[in-house]
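# Chains, contacts and geometry: an overview
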Amino acid sequence: MFDVSDVTVRFGGVVALDSVSAQFTAPVSGIIGPNGAGKTTLMNVISGFVRPVAGRVAMEGQDLLRLAPHRRARWGLRRSFQKEEIAEDLTVCDNVLVQLDHARGQGRPEALRMLDLVGLAGRADESAARLNTFERRLADIAKCLVGQPKLIMFDEPGGGLPMEETALLGDLLLAIHAETGAQVLVIDHDVELIRRVCTDTLVLDFGRRIAFGPTDAVLSDPKVKAAYLGTEEV
Ligand SMILES: Nc1ncnc2c1ncn2[C@@H]1O[C@H](COP(=O)(O)OP(=O)(O)OP(=O)(O)O)[C@@H](O)[C@H]1O
Ligand SMILES: [Mg+2]
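This report concerns the structure included in the present document. (Residues numbered from 1 in each chain as written. Chains lettered and ligands numbered in written order. Predicted model: local features only at pLDDT ≥ 70, side-chain atom pairs only at ≥ 80, totals over all residues.)

### Considerations on helix α1 (residues 39-47)
Convention followed: Any residue surrounded by 20 or more other C-beta atoms within 10 Å of its C-beta is treated as buried, while 12 or fewer makes it exposed and the intermediate range makes it partly exposed; C-beta atoms here are placed from the backbone. Secondary structure is summarised from DSSP: a helix means a run of H or I of at least four residues, a strand means a run of E of at least two, and numbering begins at the N terminus for each.
Of all nine residues in α1, eight are buried, a share of seventy percent or more. Remark: glycine 48 follows α1 within two positions and exhibits a positive phi of approximately 105°.

### Considering the sheet that holds strand β3 (residues 28-32)
For the record, the criterion: Strand pairing follows a simple DSSP-based rule, namely that at least 2 bridges must link the two strands. Axis lines are fitted through C-alpha atoms, for helices just across the contact stretch, and the angle between N-to-C directions can take any value from 0 to 180 degrees.
Taken together, six strands build an open sheet; the order of strands is β6-β7-β8-β3-β9-β10 and the sheet is mixed. A single partner strand is all that each edge strand has here, and the edge strands are β6 (77-79) and β10 (208-214). Looking at each pair of strands side by side, their axes are set apart by 15° on average, direction ignored. As defined by bridge partners, strand β9 (residues 200-205) adjoins β10 across six bridges and the pair is classed as antiparallel.

### Digging into the sheet that holds strand β5 (residues 62-63)
Sheets are built from strands that pair by backbone hydrogen bonding, the pairs being arranged parallel or antiparallel. Taken in spatial order, the four strands make up an open sheet running β2-β1-β4-β5, and their pairing is antiparallel. A single partner strand is all that each edge strand has here, and the edge strands are β2 (14-24) and β5. In this sheet, strand β4 (residues 54-59) lies alongside strand β1 (residues 2-11) in antiparallel orientation, the contact comprising five bridges. Bridging from a neighbouring strand, valine 4 pairs with valine 57 of β4.

### Quick notes on unusual backbone geometry
Positioned with a positive phi, serine 19 is a non-glycine residue whose angle comes to about 50°. Here serine 19 shows up in strand β2. Residue serine 19 is classed as partly exposed on the basis of its 15 C-beta neighbours within 10 Å. Of note, phenylalanine 206 is a non-glycine position whose phi angle comes to about 50°, a positive value. Examined against the element boundaries, phenylalanine 206 turns out to sit in the loop between β9 and β10. Overall, the presence of 17 C-beta atoms within 10 Å leaves phenylalanine 206 in the partly exposed class.

### What to know about the site of ligand 1
The condition that has to hold: Put plainly, near means the residue's C-beta atom, positioned from the backbone, lies within 6 Å of the molecule or strand in question. In this classification, Asp, Glu, Lys and Arg are treated as charged, Ala, Val, Leu, Ile, Met, Phe, Trp, Tyr, Cys and Pro as nonpolar, and every other residue, Gly included, as polar.
In the region of ligand 1, the neighbouring residues are Phe11, Val14, Ala16, Gly33, Asn35, Gly36, Ala37, Gly38, Lys39, Thr40 and Thr41. Of all the secondary-structure elements, those providing two or more residues to the shell around ligand 1 are β2 and α1. By residue number, the principal contributor to the shell around ligand 1 is α1, which donates three residues. The residue makeup of the shell around ligand 1, split by class, is four nonpolar, six polar and one charged.

Function cannot be read off these values alone, since they describe shape.
Spelled out as structure tokens, the structure:
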């Protein structure tokens, strides 16, 4: 279980997260909400880029906020960003291997296994500069899968993808837990992707939790619909 409790973040006068709590127990959970709702900020708190003024983030008895960001990575935390982080001067495989602490020779079989999972095994030794947009996204995901991750967070993995690629991405997100054992958190604006892959979903609006629970129930909640229409809370 991944446990977020009473997390509050302020940027000057902006309350980006207002005492947000959620206990994520599902293999894949979603975080949704309008632009500026605080979704990325929550991932930034979990990964250590942003320090909350209050709150706790814990998994398997480990208080993550007590660990420096690089130690969170070593513990098993992974994330992707809204824009892919691919080094074009490296091969596809080496992009994945830079995530691993140990010698590259040792990590290669694991990197190839994860590249196979995302469908890029045949491209492992090509320059990453040759990848198209979707393939870059897949390579970015493969980077999150090596080194025995415990918690993997994806920030808008479906952003800008056409329908067919979004469907493939959905298959992949569903396969990650079975392959790695990691819990997965997904932020996305594509509600149909979230409905398909996320057992539970947290909805943020103006930094507040407005709903959390089974995805279908959450998506039919009038408060959630109102937030998406940009109207006042009902
Ligand atoms: N480093 C920062 N400094 C100041 N304000 C910030 C910072 N990061 C985020 N904010 C503000 O905090 C609020 C939440 O932003 P956040 O990026 O978490 O939203 P989001 O839900 O990820 O939105 P989007 O869907 O557009 O990615 C916004 O008002 C944003 O302007
Ligand atoms: Mg964001």
